[in-house]
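If you want the building blocks of each chain, they are given just below.
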Amino acid sequence: MGKDIEVGGFAAKDYHDPPPTPLIDPEEFGKWSFYRAIIAEFIATLLFLYITVLTVIGYKSQSDTLKGGDQCGGVGILGIAWAFGGMIFVLVYCTAGISGGHINPAVTFGLFLARKVSLPRAILYIAAQSLGAICGCGLVKLFQSALYTNYGGGANGLADGYSKGTGLAAEIIGTFVLVYTVFSATDPKRNARDSHVPVLAPLPIGFAVFMVHLATIPITGTGINPARSFGAAVIYNNEKAWDDHWIFWVGPFIGAAIAALYHQNILRAGAAKASGSFRSSSNI
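Treat the numbers as computed from the prediction; the structure is a model and nothing was measured. (Residues numbered from 1 in each chain as written. Predicted model: local features only at pLDDT ≥ 70, side-chain atom pairs only at ≥ 80, totals over all residues. Heavy atoms only, no water.)

A short note on the nonpolar core
Thinking step 1. Counting 42 residues, the largest nonpolar core has Phe48, Val53, Cys137, Leu178 and Ile205 as its most contacted members.
Thinking step 2. Elements with a contribution of two residues or more to this core: α1 (32–62), α2 (76–95), α3 (105–113), α4 (119–143), α6 (164–185), α8 (202–220), α9 (226–236) and α11 (247–267).
Thinking step 3. In this view, Val53 contacts Cys137, Val140, Tyr148, Gly153 and Gly154; residues no more than four positions away in its chain are not counted. (Core = buried A, V, L, I, M, F, W, Y, C linked by side-chain atoms within 4.5 Å. Buried < 20%, exposed > 50% of the residue type's maximum accessible area, 1.4 Å probe, protein only. Helix = DSSP H or I, 4+ residues; strand = E, 2+ residues; numbered from the N terminus. Contact = heavy atoms within 4.5 Å.)

Okay, here's the thing in structure tokens:
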């Protein structure tokens, strides 16, 4: 049990890093909480894609001047960004205590690299997220078939005038911002050290998604979530949706890996701790 210590005039708890999660934990398979978490990831990603893709195609239909729409009508890019960020805030809040509230294969991959989740859990989370995204987009097409087909189905793709390298860089940097925020907002050491400061982790994570969408919607439509891009591409199933689809897996996974390495090995000095460096010395 950690003892209370004084930090800057506030009472804080002594902190010890939790042990790394085993690569494979056979005990997980015998726990209902393991399967409940997978179901939660599936449902959360389904709801995420259903609401956000509906918002995207709704905006496109309302602003289509060729069909009587108003160019300034609909929610606009700002509203789309709010839809994505707001849904992440809501869904992370709802599922954080059950599955961790990943809702994104890139987040799961980053947490796996940081030894926060086991390999089987990471694989099944990504499968559940991808299937949930497909089902979410399928519901949108079921209820809004004509609009879904006419307005691109919410599928990601490179905008005209941008190279593949630019799109890849946008996805890497955008995902880095998101996964770095996830690590910072959920860092148990921060919660112990700053226990006097109430931190609602889903809020900064949702804002990170919102800000990244504002910056990258004009470039790639904003992926930063391979399941989101995959689900939309599968249901829309248009050649354009698959042309540069690799960008929306490779970019987010690279960005997540960089964020995990940066947070764990530089900010948290995990590598230094492991090698015994940067320890206080009685000779200093």
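Here the narrative resumes, following the displayed structure.
Quick notes on the side chain of His263
Thinking step 1. Here His263 shows up in helix α11.
Thinking step 2. Since its relative accessible area comes to 4%, His263 is described here as buried.
Thinking step 3. Other than its neighbours up to four places away in sequence, His263 contacts Phe183, Ser184, Asp187 and Arg268.

Comments concerning the environment of Val177
Thinking step 1. Examined against the element boundaries, Val177 turns out to sit in helix α6.
Thinking step 2. On the accessibility criterion, Val177 (32% relative accessible area) is partly exposed.
Thinking step 3. Taking C-alpha positions, Val177 is 7.6 Å from Val212, a pair spaced 35 residues apart along the chain.
Thinking step 4. Not counting residues within four places of it along the chain, the set of residues in contact with Val177 comprises Ala208 and Val212.

Section: the side chain of Asn104
Thinking step 1. Within the fold, Asn104 resides in the loop between α2 and α3.
Thinking step 2. We classify Asn104 as buried; its relative accessible area is 4%.
Thinking step 3. At 2.8 Å, the side chain of Asn104 forms a polar contact with the backbone oxygen of Ile224.
Thinking step 4. Beyond its immediate stretch of four places on either side in the chain, Asn104 contacts Gln129, Leu178, Ile224, Asn225 and Pro226. (Polar contact = N/O pair within 3.5 Å; in protein donor to acceptor, adjacent residues only side chain to side chain.)

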